[in-house]
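# Per-entry structural report
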Amino acid sequence: MRNVILAIDEGTTNCKAILISETGKIVASGSSAVPIEYPQPGWVQQDAQAIWQATQRAIATCLQQAPDTKITALGISNQRESIMIWDRSSGEPLGPILTWQCRRTAPECQALKAEGYEANVIALTGLPIDPLFPPTKIAWLLQHHSTRIKNICVGTVDSWLIWKLSGGQVHATDQSNAARTQLFNLVKGAWDADLCDLFGVPIDSLPKVQDSSHIFGETAGTTVLPDGIPIASAIGDSHAALFGHGAFGPGDGKITFGTGSSVMMTLPTFSAPPKGLTTTIAWSLNGQSTFAFEGNILVSASIFPWAAKLLGLKDVSELLELAQTVDSTQGACLVPAHVGLGAPHWVPEARGVISGLSFVTEPAHLARAAAESLAQQVSDIFDVVNSSGRTPGQLSVDGGPSENRFLMQLVADLLAHPVTPCRNSETSAIGAAFLAGLATGFWPDLSSLRTLVLRDATITSKMSETTRNGLRKNWQQAIVRTTLSL
């Protein structure tokens, strides 16, 4: 019977359960869709019990594929910032989960910013005041779904799963998830009473904060797992992917390409974020926190199907093939600010721009401009990182676009820095499994984990500095045009 780690990767729309062997290979997997509710414009919520049911279905499907395995520990990777409250005695949810996408507390956030609280909040938490983060949502849930503030639990999705998996015995979270609540003082490494008072959150309702690699408790009373399995890790999904890449050294980072893009780079110590980025705790091991800068791009690969349709092409593959038939855009530039500009600009009112058109512009040039926008936006983030005096180390890339050599060559060229594609698509689950394995001795140390990370050949820059500087200048002028009408 083979020993394995069970990783639960609970995302916004899908829950996955994955079994991982000592060699880091995926033995089996299962998944189940997670429903999302949109009760009114700007409101996005989920049902906590539905998430628990989806988790159980994913685990059951996964275990059916690998009957001759023994689960030695389980780890949790979860969607970040989504928040809920539940009754500590009965375990029943009090209201919905308000997801990270939910904007219902935008007025409360704007009021706090107008009163001048944001600078201090950023200094303590590394995060700006925004509805993305949980504290104003917690206050909203308390106001609308609970008549009391005692004997309740407040938690992110990892806390809810730990509670359910342990049979209601453990209310806990890890430092990476705590850091995304905007109630955790990154300097002190503890819940901050002043922040809780500012946002109206009862500090006694918050979970106990542990290392990301830690035995939180054991499974008890579930129908899909035997009792006694150590619950040995919890970590936010983006952080888990960073760990799954083996980004253990200062400056190591990852770029996840998808609908949007997430950029993270590790830091040796806490540092207040440069303007446009956030600082977070990537993970904590043996009582030691690893910090990271993070930048989130709103529209990344999702520009490709739009551009393909605009140009009358049948699909994204045809768009990228067309883009490679020319060696420049002939000055054309496409800024995909279709839902606003994300990091590091953060202009939600901005809208997309196609600029630099001339009579020599052909469809191939616009296709290449769309392709270059992927790399240009990442370069904007690393320009801010570089200006802060930080130097990137090993940069891993994942997500669907990372499989396209042409796109990743553009990223390496415009960053003037090598990038290394990851061969495994389930990096969040693998990161959670790695952390659970460290907590239980399944793997001895970080060095042993590095040998398990599957990488493709590193891609280095081939672009001249003169060409790069010209493309960057053209892009920056186009960025300015996205806000001219505001």
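Here goes a summary of the coordinates provided. Just so you know, these numbers come straight off a predicted model, no measurement behind them. Numbering of residues starts from 1 in every chain and runs along the sequence as written. For this predicted model, a pLDDT threshold of at least 70 governs which residues receive local features, and a threshold of 80 or more governs which side-chain atom pairs are given and counted, while totals over whole chains, interfaces and linings are taken from all residues. Side-chain numbers here rest on the full set of heavy atoms in the structure, without hydrogens or water.

This next bit is on the overall build of the protein. Counting from the N terminus, the helices are the DSSP runs of H or I reaching at least four residues and the strands are the DSSP runs of E reaching at least two. Helix and strand content of the protein: 15 helices and 22 strands. Since a compact globule built from 486 residues should have a radius of gyration of about 23 Å, the 22 Å found for the protein is in line with a globular shape. Here the protein, with 486 residues, has 58% of them falling under the buried criterion. Contacts were defined at the residue level, with two residues in contact if any of their heavy atoms lie within 4.5 Å. For the protein, the proportion of contacts with a sequence separation of at least 24, taken over those separated by at least 6, is 71%. Think of it this way: Lys and Arg go in the positive column, Asp and Glu in the negative one, and His and the chain ends go nowhere. Note on charges: their place is set at NZ of Lys, CZ of Arg, CG of Asp or CD of Glu. Within the protein, the 41 negative side-chain charges are centred at a point lying 2 Å from the centre of the 33 positive side-chain charges. Computation of the radius of gyration draws on C-alpha atoms, with the globule rule given as 2.2 Å multiplied by the number of residues to the power 0.38. Using a 1.4 Å probe on the protein chains alone, a residue whose accessible area is under 20% of its type maximum counts as buried, one over 50% counts as exposed, and one in between counts as partly exposed.

Further remarks concern helix α13 (residues 427-440). To estimate the expected span of a helix, count its residues, drop one, and scale the result by 1.5 Å. Its 14 residues place the ends of α13 20 Å apart at the C-alpha level, agreeing with the 20 Å of an ideal helix rising 1.5 Å per residue. In terms of burial, α13 is largely enclosed, as 12 of its 14 residues are buried. Of all the positions in α13, only Thr427, Ser428, Ala429, Ile430, Gly431, Ala432, Ala433, Phe434, Leu435, Ala436, Gly437 and Leu438 are classed as buried. Following α13 by one or two positions, Gly441 adopts a phi angle in the positive range, close to 80 degrees.

What follows is about the pattern of salt bridges. We count a salt bridge whenever a side-chain nitrogen from Lys or Arg sits within 4 Å of a carboxyl oxygen from Asp or Glu. For the structure shown, the criterion picks out nine salt bridges. Lys16 is the salt-bridge partner of Glu426, the closest N and O atoms lying 3.2 Å from each other. Residue Glu426 is found in the loop between β22 (420-421) and α13, and its partner Lys16 is found in strand β2 (residues 14-20); the two are separated by 410 residues along the sequence. Given a relative accessible area of 26%, Lys16 falls into the partly exposed group. Across the pair Arg472 and Asp380 runs a salt bridge whose closest N-O atoms are separated by 2.8 Å. Taken together, the positions of Arg472 in helix α15 (residues 465-481) and Asp380 in helix α11 (residues 363-387) put the pair 92 residues apart, joining distant regions of the chain. Given a relative accessible area of 7%, Arg472 falls into the buried group.

Quick look at the packing of aromatic side chains now. Two rings from Phe, Tyr or Trp (for Trp, the six-membered ring) form a pair when their centres are within 6.5 Å of each other. A pair whose planes differ by under 30 degrees is stacked, one over 60 is edge-to-face, and the rest are tilted. Following the criterion strictly, the structure yields 10 aromatic pairs and no others. Between Phe184 and Trp191, the ring centres sit 5.5 Å apart and the planes meet at 85 degrees, which makes this aromatic pair edge-to-face. The burial state of Phe184 is the same as that of Trp191; both residues are buried. Aromatic ring contacts, followed pair by pair, group Trp86, Trp160 and Trp163 into a single cluster. A ring has a charge above it when a Lys NZ or an Arg CZ is no more than 6 Å from the ring centre and no more than 35 degrees off the ring normal. Lying over the aromatic face of Trp140, Arg104 brings its terminal NZ or CZ to 4.6 Å of the ring centre.

Glancing now at the sheet that holds strand β13 (residues 213-218). Strands qualify as paired when DSSP identifies two bridges or more between them. In space, the six strands of this open sheet follow the order β3-β2-β1-β5-β14-β13, with mixed pairing throughout. Among the strands making up the open sheet, the edge pair consists of β3 (26-33) and β13. Neighbour-to-neighbour, the strand axes of the sheet open up by a mean angle of 25 degrees, direction not taken into account. Looking at chain direction, strand β5 (residues 69-78) and strand β14 (residues 230-236) are connected through five bridges and run parallel. From the neighbouring strand, Leu74 faces β14, where its bridge partner is Ile231. Helix α8 (residues 237-244) rests against β1 (2-10), β5 and β14 of the sheet, and its axis sits at about 105 degrees to β14. To obtain each axis, a line is fitted to C-alpha atoms, and for helices this fit is confined to the stretch in contact; angles are then taken between N-to-C directions over 0 to 180 degrees. Lying on the sheet, α13 is in contact with β1, β2, β5, β13 and β14; it crosses β14 at an angle near 140 degrees.

A separate point is the pairing of β2. The buried count for β2 comes to five of seven residues, which makes it a mostly enclosed element. Pairing of β1 with β2 involves six bridges; the strand directions are antiparallel. Paired with Ile5 across the strands is Ile20, a residue of β2. Between β1 and β2, which pair antiparallel in sequence order, lie three residues. Bridge count for β2 against β3 is seven bridges, and the pairing is antiparallel. Directly across from Cys15, in β3, lies its bridge partner Ser32. Connecting β2 to the next strand, β3, in antiparallel fashion are five residues, including Gly24 with a positive phi near 85 degrees.

Our next topic: the layout of surface pockets. Looking at the second largest pocket, its volume works out to about 180 Å³. A breakdown of the residues in the lining of the second largest pocket according to their chemical character gives five nonpolar, six polar and five charged. Think of a 1 Å grid over the protein atoms and nothing else: a 1.4 Å probe that fits but is trapped marks a cavity, an open set flanked by protein within 12 Å on at least five of seven lines marks a pocket, and residues with an atom within 4 Å of a point count as lining. Grid points are joined across faces, edges and corners, and a volume is the space filled by probe spheres set on the points. Charged means Asp, Glu, Lys or Arg here, nonpolar means Ala, Val, Leu, Ile, Met, Phe, Trp, Tyr, Cys or Pro, and polar covers whatever is left, Gly included.

Burial in helix α9 (residues 303-310) covers these residues: Ile303, Phe304, Ala307 and Ala308. When α9 is viewed along its axis, its buried side chains cluster within an angular range of 130 degrees and face the same direction. Tucked inside the fold, the buried residues of α9 contact α10 (316-323), β19 (333-335), α11 and α12 (405-415). Immediately downstream of α9, the backbone of Gly312 shows phi near 75 degrees, a positive value. The arc refers to the directions leading from the helix axis to the C-beta atoms.

Strand pairing within a sheet occurs via backbone hydrogen bonds; the two strands may be parallel or antiparallel. Spatial ordering of the open sheet is given by β17-β18-β16-β15-β21-β22, a layout of six strands whose pairing is mixed. Sheet topology places β17 (278-285) and β22 at the edges, where each strand pairs with a single neighbour. Bridge count between strand β21 (residues 395-398) and β22: two bridges; the pairing is parallel. Residue pairing for β22: Val397 is matched across the bridge by Pro421. Across the sheet, α12 touches β15 (253-257) and β21, and the angle it forms with β15 is around 135 degrees.

Moving on, we get to unusual backbone geometry. Each neighbour pair has its own omega, and for Ala343 with Pro344 the value is 0 degrees, a cis peptide bond. Mapped onto the elements, Pro344 comes out in the loop between β19 and β20 (353-355). At Trp346, a residue that is not glycine, the phi angle is positive and equals roughly 50 degrees. Structurally, Trp346 is set in the loop between β19 and β20. Positive phi, normally seen in glycine, also occurs at Ala416, with a value near 55 degrees. The topology assignment puts Ala416 in the loop between α12 and β22. A relative accessible area of 44% means that Ala416 is categorised as partly exposed.

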